[in-house]
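Understanding the architecture of this molecule
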Amino acid sequence: QKEVEQDPGPLSVPEGAIVSLNCTYSNSAFQYFMWYRQYSRKGPELLMYTYSSGNKEDGRFTAQVDKSSKYISLFIRDSQPSDSATYLCARGGGNEKLTFGTGTRLTIIP
Amino acid sequence: DVKVTQSSRYLVKRTGEKVFLECVQDMDHENMFWYRQDPGLGLRLIYFSYDVKMKEKGDIPEGYSVSREKKERFSLILESASTNQTSMYLCASRGPTGQGNTEAFFGQGTRLTVV
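Keep in mind that this is a model prediction, so the values were computed, not measured. Residue numbers here run from 1 along each chain, matching the order of that chain's written sequence. A letter from A marks each chain and a number from 1 marks each ligand, given out in the order of writing. A pLDDT threshold of at least 70 governs which residues receive local features in this predicted model, and a stricter bar of 80 or more applies before side-chain atom pairs are shown or counted, although totals over entire chains, interfaces and linings include all residues. Side-chain metrics in this entry use all non-hydrogen atoms of the structure; hydrogen atoms and water are not considered.

Let's shift gears to the side chain of S93 of chain B. Residues and elements named next belong to chain B. By the criteria applied, helices consist of DSSP H or I runs no shorter than four residues and strands consist of E runs no shorter than two, each listed in order from the N terminus. By the element assignment, S93 lies in strand β9 (residues 87-94). Of the polar contacts made by the side chain of S93, one reaches the side chain of H29; its length is 2.9 Å. Those residues in contact with S93 that sit more than four places away from it in its chain are V4, Q25, M27, H29, N31, M32, E103, A104 and F105. N or O atoms within 3.5 Å of each other form a polar contact, as long as, within protein, one can give a hydrogen and the other can take it, and as long as residues adjacent in sequence are counted only when both atoms are side-chain atoms. Contact between two residues is taken to exist if any of their heavy atoms lie within 4.5 Å; hydrogens are not considered.

Printed below as a string of structure tokens:
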């Protein structure tokens, strides 16, 4: 079983819509979860991270971890064309290995 | 500005060749990672290293080896390149244990084609 599973999409939404991206993970012992954003022909860059469970907000972005269902979510409010990218969920912090979901390609339509 | 540099952006090699992919980071990071990225399969971990001369297998180590002789440099070696190793290869580094470091910094990637 993969450590982190993610729907690859693609996902297209109109500008201004709320976007919901989701992943599931396999091991309830995992503590650190991240969302990376990858633009075309670039390496991934960290967008947000959460430790354990709960919500974390940063501007238009909210990351959420539900440990009871082993579910990771990223919400994007007031989506912009510049948000068009591939979004990757990941787990692993400190000295742990860092593993990723397959990534969801998101397109925001102006 | 933090930097992870991969030696080549594009590489074309012949089947059976020994291939070296080099990665250098300037952040004094303990942890370094090698991934390959393929459409529909995402980023898959090949090997990682949490210290000089230390290495751990990732999810798909077969056909690859690594070398970490110096802290700043992590090399990926394809012992005998095959066409199914045609892929985008990404190197990353991350800070030390115990600080809950989560941000990994990636290089720009090496697009390897094996013909």
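Residues and elements named next belong to chain A. With respect to the secondary-structure elements, Y87 resides in strand β9 (residues 85-91). In contact with Y87, not counting residues within four places along its chain, are Q6, L21, W35, Y36, R37, L47, L74, I76, G103, T104 and L106. In this structure the side chain of Y87 is engaged in a polar contact, spanning 2.6 Å, whose partner is the backbone oxygen of D83.

A few words now on unusual backbone geometry. Here the bond from G9 of chain A into P10 of chain A is cis, since omega is 10 degrees, no more than 30 degrees from zero. With respect to the element layout, P10 of chain A can be found in the loop between β1 (4-6) and β2 (11-14). If you check the backbone angles, D78 of chain A has positive phi at about 45 degrees while not being a glycine. On the secondary structure map, D78 of chain A appears in the loop between β8 (71-76) and β9. Non-glycine residue D28 of chain B carries a positive phi angle of around 60 degrees. Tracing the backbone through its elements, the reader meets D28 of chain B in the loop between β3 (19-25) and β4 (31-38).

Before going further, it helps to examine the packing of aromatic side chains. When two rings of Phe, Tyr or Trp (its six-membered ring) have centres within 6.5 Å they constitute a pair, described as stacked for plane angles under 30 degrees, edge-to-face for angles over 60, and tilted for the intermediate range. Within this structure, the stated rule accounts for 11 aromatic pairs over all chains. Measuring from centroid to centroid gives 6.1 Å for Y25 of chain A and F30 of chain A, while their planes differ by 35 degrees, and the two rings are tilted. Each member of the pair, Y25 of chain A together with F30 of chain A, is buried. Seen from their ring centres, Y35 of chain B and F106 of chain B are 5.9 Å apart, and the 40 degrees between their planes marks the pair as tilted. Remark: F106 of chain B occurs in strand β10 (residues 104-106) and Y35 of chain B occurs in strand β4; sequence separation between them is 71 residues. The burial state of Y35 of chain B is the same as that of F106 of chain B; both residues are buried. Three or more aromatic residues link up through ring pairs in this structure, and these residues are Y36 and F100 of chain A together with F33, Y35, F48 and F106 of chain B. Each residue is placed in one exposure class: buried if its accessible area under a 1.4 Å probe, protein chains only, is under 20% of its type's maximum, exposed if it is over 50%, and partly exposed if it falls in between.

This next bit is on the interface of chain B and chain A. Counting from both sides, the interface comprises 25 residues of chain B and, opposite them, 21 residues of chain A. A pair is scored as a salt bridge if a Lys or Arg side-chain nitrogen falls within 4 Å of a carboxyl oxygen belonging to Asp or Glu. At the boundary of chain B and chain A, one finds 1 salt bridge. Of the charged contacts in the structure, one is a salt bridge between K97 of chain A and D59 of chain B, with a shortest N-O distance of 3.4 Å. Here chain B is connected to chain A by 6 residue pairs in polar contact (both at pLDDT 80 or more). Secondary-structure elements contributing two or more residues to the side of chain B that touches chain A are β4, β5 (42-49), β9 and β10 of chain B. Across the side of chain B that touches chain A, the residue classes break down as 11 nonpolar, 10 polar and 4 charged. Classification used: nonpolar for Ala, Val, Leu, Ile, Met, Phe, Trp, Tyr, Cys and Pro, charged for Asp, Glu, Lys and Arg, polar for all others including Gly.

Glancing now at the sheet that holds β3 of chain B. All names here are of chain B. Read across the sheet, 4 strands follow the order β1-β3-β8-β7 without closing on themselves; strand pairing throughout is antiparallel. The sheet is open, and its two edges are formed by β1 (4-6) and β7 (64-70), each paired on a single side. The sheet shows a mean angle of 20 degrees between the axes of neighbouring strands, taken without regard to direction. Pairing between strands is defined by DSSP: at least two bridges between the two strands are required. As paired elements, β3 and strand β8 (residues 73-78) share 6 bridges and run antiparallel to each other. If you follow C23 over to β8, its bridge partner there is F74. For helices, the fitted line uses only the C-alpha atoms of the stretch in contact; every axis is such a line through C-alpha atoms, and the angle between N-to-C directions lies from 0 to 180 degrees.

Attention now goes to the nonpolar core. Definition of nonpolar core: a set of buried residues of the types Ala, Val, Leu, Ile, Met, Phe, Trp, Tyr and Cys, connected through side-chain atoms within 4.5 Å. Residues V19, W35, I72, L74, I76, Y87 and L106 of chain A are the most contacted members of the largest nonpolar core, which totals 22 residues. The biggest single contributor to this core is strand β3 (residues 19-25) of chain A, with 4 residues. Of all hydrophobic cores here, the second largest spans 21 residues; its members include F74, L78, Y89 and L112 of chain B.

As a further point, take the pattern of salt bridges. Side-chain pairs of opposite charge can arise where the charged atoms are in close proximity. Residue and element names in this part refer to chain B. In total, this model carries 12 salt bridges over all chains according to the counting rule given. A salt bridge links D38 to R44; the nearest nitrogen and oxygen atoms lie 2.9 Å apart. Residue classification places D38 among the buried residues on the basis of a relative accessible area of 11%. Overall, R44 belongs to the partly exposed group, its relative accessible area being 24%. A salt bridge links K53 to E69; the nearest nitrogen and oxygen atoms lie 2.5 Å apart.

Function cannot be inferred from these measures alone, as they are strictly geometric.
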